[in-house]
There are 2 protein chains.
Amino acid sequence: MRILGIDPGLQRTGYGVLDVAAPGAPPKLVEAGVIRTRREDGLADRLVEIRDGLAAVLQEFRPDTVAVESLYAHYKHPRTAILMGHARGVIFLAAAQAGASVTSYNATMIKKSLTGSGHAGKTQMQRAIQVAFNLPAPPEPADVADALAVALCHAHHAVRVGQAP
Amino acid sequence: MRILGIDPGLQRTGYGVLDVAAPGAPPKLVEAGVIRTRREDGLADRLVEIRDGLAAVLQEFRPDTVAVESLYAHYKHPRTAILMGHARGVIFLAAAQAGASVTSYNATMIKKSLTGSGHAGKTQMQRAIQVAFNLPAPPEPADVADALAVALCHAHHAVRVGQAP
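Residues numbered from 1 in each chain as written. Chains lettered and ligands numbered in written order. Predicted model: local features only at pLDDT ≥ 70, side-chain atom pairs only at ≥ 80, totals over all residues. Heavy atoms only, no water.

### Quick look at the interface of chain A and chain B
Then step 1. Contacts between chain A and chain B engage 25 residues on the former and 25 residues on the latter.
Then step 2. Per-residue buried area on chain A facing chain B is highest for Leu71(A), Ile82(A) and Leu93(A); these three make up 29% of the total on that side.
Then step 3. The tally of links from chain A across to chain B stands at zero salt bridges.
Then step 4. Between chain A and chain B we count four residue pairs in polar contact (both at pLDDT 80 or more) in total.
Then step 5. Taken together, the elements giving at least two residues each to the side of chain A that touches chain B come down to helix 1 (43-61) and helix 2 (78-97) of chain A.
Then step 6. For the side of chain A that touches chain B, the element with the highest residue contribution is helix 2 of chain A, accounting for 15 residues.
Then step 7. The class makeup of the residues in the side of chain A that touches chain B is 18 nonpolar, four polar and three charged. (Contact = heavy atoms within 4.5 Å. Buried area = accessible area lost by both parts, 1.4 Å probe. Salt bridge = Lys/Arg side-chain N within 4 Å of Asp/Glu carboxyl O. Polar contact = N/O pair within 3.5 Å; in protein donor to acceptor, adjacent residues only side chain to side chain. Helix = DSSP H or I, 4+ residues; strand = E, 2+ residues; numbered from the N terminus. Nonpolar A, V, L, I, M, F, W, Y, C, P; charged D, E, K, R; others polar.)

Here it is, written out as structure tokens:
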């Protein structure tokens, strides 16, 4: 089973691709990166850039499932959250157009899945990602770590419910 | 000049197509309608429905410009606003992919452009649309009237700045 985790953002959309060979086997990191857009471009152009970048990732890695953090409504900055919604909409669309299913996980579930605690902090989460993939340092930027975290959460969850490989 | 006005929504996306033949000429109503999605479908599927519905409208009517109400952050229901952002993102993407420019107008400007008052109520706006196009009744559902309102605002604005026809 191949999983594409995504951390949506208008400015930076992080992504990470994992393979789960068999139930219980450690997920293997295939690829991770970030799609960046330019602030000086208009909203429509930035959404096209996100869409095209993601379509290229979907075409190259052909994931079975796309995992994304759930929408939640308690944002400090509503405008930023609504703009993030634009990017997230384009991501859901691109995934569906590529024939991948989309699964959402809420932040608490992602944190608990990786660290055992639903209240883990940012540093603790980055360390968990570093350890899970035996990396020399936590992934940068943080959007990449967040994308890998939701992908790992899906890997754990899918194994638990017997969907993997 | 052909203008496509859109009122984005996950459940109902209203649209209206206008032609402006010459500066100062009254805009002509070409087509209006609504793209509906089913609540029971997943978010990704609903965004595909909005995208496909809008792509069909864009292909049939080939507008020069797509006019949409500006994003604003003072929503009573943040979750609804973020979901609307998903639909709006897909709409901006579809417009850009079809080669149409996208212009945003804030609610006050739209109201002022149609009624002379930036504080016009919903009924007053619907009446203004009815009068502008000599319709027997205000357009239903309200999403259609809202789409025609932003299209008309663009028509007035484009005439004023000399972009029409």
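Text resumes after the structure shown.
### Structural notes on the relation of the copies chain A and chain B
Then step 1. The two copies are related by a screw operation: chain A maps onto chain B through 180° of rotation and 0.0 Å of translation along the axis, at an RMSD of 0.0 Å. Between the two chains, the operation in question is that of a two-fold axis.
Then step 2. A share of 100% of the interface residues of chain A reappears at the interface of chain B, consistent with the copies meeting face to face through the same patch. (Least-squares fit on C-alpha atoms with pLDDT ≥ 70 in both.)

### Some thoughts on the side chain of Thr37(A)
All names here are of chain A.
Then step 1. Residue position: Thr 37 is located in the loop between strand 3 (28-36) and helix 1.
Then step 2. For Thr 37, a relative accessible area of 8% gives the class buried.
Then step 3. Of the polar contacts made by the side chain of Thr 37, one reaches the side chain of Arg 46; its length is 2.9 Å.
Then step 4. In contact with Thr 37, other than residues within four places in its own chain, are Leu 10, Gln 11, Arg 46, Glu 49 and Ile 50. (Buried < 20%, exposed > 50% of the residue type's maximum accessible area, 1.4 Å probe, protein only.)

### What about the packing of helix 1 of chain A against helix 2 of chain A?
If you want to describe how two helices pack, look at the angle between their axes and the distance between the axes.
All names here are of chain A.
Then step 1. Across the interface, helix 1 lies against helix 2 with an axial gap of 9 Å and an inter-helix angle of 35°. The crossing of helix 1 and helix 2 is right-handed. Residue-level inspection shows Leu 43, Leu 47, Ile 50, Arg 51, Leu 54 and Leu 58 of helix 1 in contact with helix 2, the latter providing Leu 83, His 86, Ala 87, Val 90, Ile 91, Ala 94, Ala 95 and Gln 97.
Then step 2. Partitioning the contact of helix 1 with helix 2 into residue classes produces eleven nonpolar, two polar and one charged. (Axes fitted to C-alpha atoms, helices over the stretch in contact; angles between N-to-C directions. Left-handed = near helix turned anticlockwise from the far one by under 90°.)

### Some words on the nonpolar core
Then step 1. By size, the foremost hydrophobic cluster in this structure holds 59 residues, and its most contacted members are Leu4(A) and Leu4(B).
Then step 2. Leave out the neighbours within four places in its chain, and Leu4(B) touches Tyr15(B), Gly16(B), Val17(B), Leu54(B), Val57(B), Leu58(B), Pro63(B), Thr65(B), Val66(B) and Ala67(B). (Core = buried A, V, L, I, M, F, W, Y, C linked by side-chain atoms within 4.5 Å.)

### With respect to unusual backbone geometry
Then step 1. Here Glu140(A) and Pro141(A) are connected by a cis peptide whose omega angle stands at -10°.
Then step 2. Mapped onto the secondary structure, Pro141(A) falls in the loop between helix 4 (122-132) and helix 5 (142-160).
Then step 3. For Arg62(A), which is not a glycine, the phi torsion comes out positive at approximately 45°.
Then step 4. Looking at where Arg62(A) falls in the secondary structure, it is placed in the loop between helix 1 and strand 4 (65-69).
Then step 5. The exposed category is assigned to Arg62(A), whose relative accessible area is 60%.
Then step 6. Here Asn134(B), not a glycine, exhibits a phi torsion of approximately 55°, which is positive.
Then step 7. On the basis of relative accessibility, which here comes to 70%, the residue Asn134(B) falls in the exposed class.

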